[in-house]
Structure formats: structure tokens, C-alpha cells
Amino acid sequence: MADDFTYKVRGFFGRIPSEPHDLTDRITPVQACIVLCHLGVLEASAADDWKLEIGGLVERPVVLTLRELKNFPRHEVVSVHQCAGSPLAPNRPTRRVCNVSWAGVRLDHLLEMVRVERTARFVWSHGADSGEFGGIECGHYLKDLPLSRAARDVLLAYQMNGADLLPEHGYPLRLVVPGYYGTNSVKWLRKIELRSERAPGVFTTKWYNDPEPDGSTRPVWGIAPQSIIVWPKPDNQLRRGDLVQVWGWAWADADLETVEVSSDEGASWQECRLERAAGWSWTKFVCEWSVGEGCTGLLSRARSRSGELQPEARRRNAIYRVPISVL
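These numbers come from a predicted model, not from an experiment.

Here is what the cut-offs are and how they apply
- Residues numbered from 1 in each chain as written.
- Predicted model: local features only at pLDDT ≥ 70, side-chain atom pairs only at ≥ 80, totals over all residues.
- Heavy atoms only, no water.
- Disulfide = S-S within 2.5 Å.
- Helix = DSSP H or I, 4+ residues; strand = E, 2+ residues; numbered from the N terminus.
- Buried < 20%, exposed > 50% of the residue type's maximum accessible area, 1.4 Å probe, protein only.
- Contact = heavy atoms within 4.5 Å.
- Salt bridge = Lys/Arg side-chain N within 4 Å of Asp/Glu carboxyl O.
- Pairing = 2+ DSSP bridges.
- Phe/Tyr/Trp six-rings, centres within 6.5 Å; stacked < 30°, edge-to-face > 60°.
- Lys NZ or Arg CZ within 6 Å of the ring centre and 35° of its normal.
- Core = buried A, V, L, I, M, F, W, Y, C linked by side-chain atoms within 4.5 Å.
- Axes fitted to C-alpha atoms, helices over the stretch in contact; angles between N-to-C directions.

Caption draft 1: Structural view of the state of the cysteines. Counted according to the given criterion, the structure contains zero disulfides. The thiol of Cys98 is not disulfide-bonded; the next cysteine sulfur, from Cys33, is found 3.8 Å away. The closest cysteine sulfur to the non-disulfide-bonded Cys138 is located on Cys37, 14 Å from its own sulfur.

Caption draft 2: Inspection of the side chain of Thr204 at higher detail. Relative to the helices and strands, Thr204 resides in helix α3 (residues 202–205). Given the relative accessible area of 3%, Thr204 is considered buried. Once residues lying within four places of it in the same chain are set aside, the contact partners of Thr204 are Leu142, Lys143, Asp144, Arg198, Ala199 and Asn209.

Caption draft 3: The arrangement of the pattern of salt bridges in detail. Per the stated rule, a full pass over the model turns up 20 salt bridges. For Arg106, the salt bridge goes to Asp153, with nearest N and O atoms at 2.8 Å. Within this pair, whereas Arg106 is found in strand β8 (residues 97–106), its partner Asp153 is found in the loop between β10 (136–146) and β11 (155–160), the two being separated by 47 residues in sequence. Arg305 is paired through a salt bridge with Glu257; the nearest N and O atoms lie 3.9 Å apart.

Caption draft 4: Broad picture of the sheet that holds strand β24 (residues 297–304). Pairing is mixed in the open sheet, where five strands are placed in the order β18-β25-β24-β20-β21. The strands lining the two open edges of the sheet, one partner per strand, are β18 (236–238) and β21 (270–271). In this sheet, β24 lies alongside strand β20 (residues 256–262) in antiparallel orientation, the contact comprising six bridges. Looking at the pairing, Glu260 lines up with Arg301 of β24.

Caption draft 5: Layout of the packing of aromatic side chains. Inspection of every chain in the model, using the stated rule, returns 11 aromatic pairs. Here the aromatic rings of Phe5 and Tyr7 are separated by 5.9 Å at their centres, their planes lie at 80°, and the arrangement is edge-to-face. Ring geometry for Trp249 versus Trp282: centroids 4.8 Å apart, planes at 10°, classification stacked. Of this pair, Trp249 sits in strand β19 (residues 243–251) while Trp282 sits in the loop between β22 (273–274) and β23 (283–290); the two residues are 33 residues apart in sequence, bridging distant segments of the chain. For the residue pair Trp249 and Trp282, the accessibility class agrees, reading buried in each case. A connected cluster of aromatic rings, assembled from ring pairs, spans Phe12, Phe133, Tyr141, Phe203 and Trp207. Cation over ring: Arg10 sits above Tyr7, and NZ or CZ is 3.6 Å from the ring centre. Just above the ring of Tyr158 sits the side chain of Lys70; from NZ or CZ to the centre is 5.5 Å.

Caption draft 6: Structural detail: the nonpolar core. Counting residues in each nonpolar core, the largest one holds 84 residues, and the members touching the most others are Leu156, Leu173, Ile192, Phe203 and Trp289. With 15 residues, the next largest nonpolar core counts Val30, Leu36, Cys83 and Trp280 among its residues.

Caption draft 7: Geometry of unusual backbone geometry. Look at the link from Tyr171 to Pro172: it is a cis peptide, with omega at 15°. Here Pro172 is to be found in the loop between β12 (163–164) and β13 (174–176). Cis geometry marks the peptide bond from Trp231 to Pro232, where omega comes out at 5°. Of note in the backbone geometry, Tyr208 takes a positive phi value of approximately 60° without being a glycine. Relative to the helices and strands, Tyr208 is located in the loop between α3 and β15 (209–211). With relative accessibility at 7%, the residue Tyr208 sits in the buried group. A positive phi angle, near 60°, is found at Arg314, a position not held by glycine. Along the chain, Arg314 falls in the loop between β24 and β25 (320–326). Looking at Arg314, the relative accessible area reads 66%, which means it is exposed.

Caption draft 8: The sheet that holds β10, seen in detail. Read from one edge of the open sheet, five strands run β6-β5-β14-β9-β10, paired in mixed fashion. Of all strands in the sheet, those with a lone pairing partner are β6 (62–65) and β10, marking the two edges. Within the sheet, the average angular offset between the axes of one strand and its neighbour, ignoring direction, is 25°. The sheet contact formed by strand β9 (residues 122–133) and β10 spans nine bridges and is antiparallel. Within β10, the position partnered with His126 by the bridge is Leu142. The sheet contacts of helix α2 (residues 107–114) involve β5 (51–56), β6, β9 and β14 (189–195), and relative to β6 the element is tilted by about 140°.

Note that all results are geometric; they support no functional claim without further evidence.
Now the structure itself:
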């Protein structure tokens, strides 16, 4: 396909406008959402004519314009959108997160139309962006996900919080995989392939794979249990004996079981009230805490129903600590 875009930015581009204590809204305003583009930022021309190819192990390959995609039923999903962190530093904790209302076309509706062959196991997603990252020539940005995931609200999104995507968020079309780290939600989506094997690009082979205890690796797909404290803010001065309402957000690809808060550096934990989960959105937790003398920080940790718990350190979902001072 001929290029119908220019590069607004060449090479890596990132913007992290919101710290955890700034995330007071259930739906994060677009200007406060994270941005991370590995290979640049594209600016499309004639967006309605943007073309998406669907092929590979399908009986009826098709090329659709964005205008044609907008004729399909519009589906909305509110979902946490979290950066997995730099693939060059995969164990560095990251709280680059937002909660977004996406709108577009369900991927599984399109797959029904093209009739996926039985041998297909993975969905490959190609972005129009290409270039160098980490000193390596990457070609076009390429990711994959299991075909079995497609039915779980995966979108070809063209809107974000009720408006067209901005260039840095993948305008005019991007993939959105609720419950998966943002690296899997390919921007400037140009092509979808159905394949029997995983994609060969560097973003699926060299990067975004976590080590397992047995020496194997696991793709960075589903979001691990994580939580952040929104209030109190860092370095708040609190008075000893005051009753403070501690609150924040928790999320995971798996269902959450509990969120706990500690005021003694993890020696003991207090369970919080957890609101009823709402789809793929983050979940609010609240607890009342009596400010104690000598406390220098608050910690929060989330646990999934499968038993997975936020680790203390050296993982992207490591426990979050808010420094405070007691008067």
C-alpha cells in the first residue's frame, strides 16, 4: 500500500503527563493519558480512505477503508490502558496508566466475515510505523495475540473518549486489547493476519517476553495485578491520630480478590473496600486509616482471585509506596 501519511515525529516518542496522585478521574482525560511510540508518530492524510488488510489463514481476504469500517456496528469499551515499561528495562516498576473509553469495530465481527481457517492460532497486527529502536532496525511495528482472545472485546478503535484518536494515540485506526499491556494495542493499524505461529518481529521475539522460573519466557500480554494510591498525595503532612480516607485504583487482566494498604512498610496490612468490578475498567479501593506516629509512607498491593500478588520489587507491577510525613 502506498504511504498516505507523514511522520510528525521520527523515532521514539513518549509523554507521561499523569503521576498516580493526578489520576482522580474514573475516565482519564485524553490530555492526561500516557503516550509511548517506539518508532515515531504518524500523521495520516485522507483518514476515511485509510486501508486495513485482513488476510493470512482466512477464506475471504479483504481490504477495508476506515469509512467502510465505520459502517459496522460501533462498540464501546472502557478499559485500563497501561504501558508495560521500556523493553530495555523490563523489571523497572511502571505506573504509566490511564482509564479510557474506546469506540470502534469488534475484531471478532470482522473475523467472522473473513472466515478464519481452523489452523489459525494467532492474530498478527501490523502498524504503519517503522524504523529503529534500541539500536536495531525493526521494520514495521508488529505484535501478536492468541486468536482465542479476539472475542473478549478486542477493538479496531477509531475513537478515544468520544472523539477521534489523536496522532500520538494512533489516528486514524488502532488495535485495543482490553486487559493486555498497551504494547499489544498496535497504533496506525494497517494489516491483520491470521497465523498458526507467533509473529517473528523483534517486539515479540527479542523484547516484551518475561522470564519464567524454568528458564522459558512468557509473552507480555495480560496485565499483572497492580494498584496505586491516589490519596493521600506524596509528601502530604498528616496529623497523628487523624482518620484519613485512603483511596486509589486497582486493576489486572484477571479478576481482583483484594487490595490492602500498609502504613508500616509491609509489616502488616489492612484490607480495603473494593467496589464492584466494571468490565475492563480499573476498580476503586477505599479504607479508613488512623494516622500513626512514625509512619513515613503508605503502600498498596493487589491480589487476583488466582492468588497472584503484587511483588515487593524488581517487577513492572511492584508495590507502590507514597511517602508521607506525620506531624
